[in-house]
Amino acid sequence: MNSLNDTVLVGRAALGDRRAFDALVSRHALPLRRYLLRLTGDPPLADDLAQETFIKAYCRIGTFGGLAGFRTWLFRIGYNAFCSHRRGEHEAAELDDSLPAAEGADPDTAHDVQAALARLRTEERSALLLHYMEDFPVAKVAAIMHMPVGTVKSHLKRGRDKLETFLKQNGYEKE
Amino acid sequence: MKKNKSNDERLRDLLRGDVPDVERDFFEGRLRHKLDRVDACRPARGWARWLPGGLAAAVLLVCHRQAWEGVLALSRWVVEVVGWLGLFGSLDVRWVLAGGLAVVCGVLAYPLAKRWL
């Protein structure tokens, strides 16, 4: 099952094959959880959003058109789930320095990266994570975030500048 | 957007860090449990979608003479077409009606069959 590509697995899952969907979960759970963890800075919340994302994807897999690719579609659902959560808790829209670092990671580096990400606006953070961390091309980032490509490029530029400034101030000079 | 490879790789490594795949089994187990519950609700939704329409059609056929005559006329037409094509020499209206009923039952039973197979 793991040797099959996403398109085949999605087709089987749409016909009710649970093992095919489980294979998709195994393949995409880590990147999605990593993205949501960096986006929220809160491991339990990130996992709840990832679960919600997979359940929505499972229920709507019959409507997946296949134009954008399953991974893009999944991240789009994940980003929407995050936005809905944010709308529900508007005071938690911006992260702060007290966010927990990723469990098990090098505490200093993880804390610095999370602190640097916390200084970005949500859209900048999401665009940066999707493009640089998950290797999505700009057009796909635009599709995930429902934004024009030019807006995504602006977010990337601003986000990257802010991140570099903060990291340089904290001793992460280019080697 | 043009990517500067070495800088971008450095940034990617920094962002990814060594975020571990913590509690993967727990995450997937919890998700599997939730998906089982979604599956358990699905056949009911399938039946809910098909049953009212099927019952309405059955009631219409039983109670409404014209609807029943329409079905008979359609069956006779099928018999004529089949006869014209020279297939199934002994086919009559009763067989067509039985075939049609079997198809309708198959469609109605599909969600249940999918659950058990």
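Residues numbered from 1 in each chain as written. Chains lettered and ligands numbered in written order. Predicted model: local features only at pLDDT ≥ 70, side-chain atom pairs only at ≥ 80, totals over all residues. Heavy atoms only, no water.

S.K.: Outline the overall build of chain A, supporting the account with residue identities and numerical values.
M.R.: Regarding its fold elements, chain A presents eight helices and zero strands. Each helix (α) and strand (β) of chain A, taken in turn from the N terminus, gives the series α-α-α-α-α-α-α-α. Taking all 175 residues of chain A together, 51% fall into the buried category. For chain A, restricting intrachain contacts to residue pairs at least 6 apart in sequence, the fraction spanning at least 24 positions comes to 60%. Total accessible area on chain A stands at roughly 7,900 Å², and carbon and sulfur atoms take up 52% of it. (Helix = DSSP H or I, 4+ residues; strand = E, 2+ residues; numbered from the N terminus. Buried < 20%, exposed > 50% of the residue type's maximum accessible area, 1.4 Å probe, protein only. Contact = heavy atoms within 4.5 Å. Areas by Shrake-Rupley, 256 points an atom, 1.4 Å probe, with all protein chains shown as cover.)

S.K.: Go over the confidence of the model for chain A, please, and point to the residues and values.
M.R.: All names here are of chain A. When pLDDT is averaged along chain A, the result is 84, and 85% of the positions lie at 70 or above. Within chain A, helix α7 (residues 138-145) carries the highest mean pLDDT (94), whereas helix α5 (residues 107-118) carries the lowest (74). Ignoring residues within four places in sequence, the model shows residues 96-105, a span with pLDDT below 50, making 25 contacts including any to other chains. (pLDDT = per-residue confidence, 0-100.)

S.K.: Describe the packing of helix α2 (residues 18-40) of chain A against helix α3 (residues 43-59) of chain A, naming the residues involved and giving the relevant values.
M.R.: Residue and element names in this part refer to chain A. Close contact between α2 and α3 brings their axes to 9 Å; oriented N to C, the two are set at 145°. Once α2 is placed against α3, the crossing between them reads as right-handed. Here Arg-18, Phe-21, Val-25, His-28, Ala-29, Leu-32, Arg-33, Leu-36, Leu-37 and Thr-40 of α2 lie close against α3, whose contacting residues are Pro-43, Leu-45, Ala-46, Asp-47, Leu-49, Ala-50, Thr-53, Phe-54, Ala-57 and Tyr-58. Split into classes, the residues belonging to the contact of α2 with α3 amount to 14 nonpolar, three polar and three charged. (Axes fitted to C-alpha atoms, helices over the stretch in contact; angles between N-to-C directions. Left-handed = near helix turned anticlockwise from the far one by under 90°. Nonpolar A, V, L, I, M, F, W, Y, C, P; charged D, E, K, R; others polar.)

S.K.: Any chance you could break down the nonpolar core for me, citing the residues and the numbers?
M.R.: Counting residues in each nonpolar core, the largest one holds 62 residues, and the members touching the most others are Phe-21, Tyr-35, Leu-36, Phe-54 and Leu-163 of chain A together with Leu-15 of chain B. Here this core takes eleven residues from α2 of chain A, the largest share from any one element. For Phe-21 of chain A, the residues in contact, after removing those within four places along its chain, are Ala-13, Phe-54, Ala-57, Tyr-58 and Ile-61 of chain A together with Leu-35 of chain B. (Core = buried A, V, L, I, M, F, W, Y, C linked by side-chain atoms within 4.5 Å.)

S.K.: How would you explain a nonpolar patch on the surface if you had to name every residue and give the values?
M.R.: On the surface, Leu-74, Trp-77, Val-81, Trp-84, Leu-85 and Leu-87 of chain B cluster together into a nonpolar patch covering about 710 Å² of accessible area. Mapped onto the elements of the fold, Leu-85 of chain B is located in helix α3 (residues 65-85). (Patch = residues over 30% accessible without salt bridge, like charges linked within 9 Å, V, L, I, M, F, W, Y side chains within 5 Å. Salt bridge = Lys/Arg side-chain N within 4 Å of Asp/Glu carboxyl O.)

S.K.: Talk me through the packing of aromatic side chains; I want residue IDs and the actual numbers.
M.R.: Scanning all chains against the criterion turns up seven aromatic pairs over all chains. Measuring from centroid to centroid gives 5.0 Å for Phe-75 of chain A and Phe-136 of chain A, while their planes differ by 70°, and the two rings are edge-to-face. Here Phe-136 of chain A lies in the loop between α6 (122-133) and α7 and Phe-75 of chain A lies in helix α4 (residues 70-88), a separation of 61 residues in the sequence. In this pair, the class of Phe-75 of chain A matches that of Phe-136 of chain A, namely buried. Note that Arg-33 of chain A overlies the ring of Phe-27 of chain B, its terminal NZ or CZ placed 4.5 Å from the centroid. The ring of Phe-136 of chain A is capped by Arg-71 of chain A, whose NZ or CZ atom sits 4.2 Å from the centre of that ring. (Phe/Tyr/Trp six-rings, centres within 6.5 Å; stacked < 30°, edge-to-face > 60°. Lys NZ or Arg CZ within 6 Å of the ring centre and 35° of its normal.)

S.K.: Explain α6 of chain A residue by residue, including any values.
M.R.: Residues and elements named next belong to chain A. For α6, spanning twelve residues, the distance from its first C-alpha to its last is 15 Å, which sits close to the expected 16 Å at 1.5 Å a residue. The element α6 is extensively covered by neighbouring structure, given that twelve of its twelve residues are classed as buried. Considered for burial, the residues of α6 that qualify are Thr-122, Glu-123, Glu-124, Arg-125, Ser-126, Ala-127, Leu-128, Leu-129, Leu-130, His-131, Tyr-132 and Met-133. Where α6 terminates, the next one or two residues include Asp-135, which has phi positive at roughly 60°. (Expected span 1.5 Å × (residues − 1).)

S.K.: Tell me what's going on with the environment of Gly-150 of chain A, and back it up with residues and numbers.
M.R.: Residue and element names in this part refer to chain A. With respect to the element layout, Gly-150 can be found in helix α8 (residues 149-169). Judged by relative accessible area, which is 45%, Gly-150 ranks as partly exposed. Taking C-alpha positions, Gly-150 is 9.1 Å from Val-138, a pair spaced twelve residues apart along the chain.

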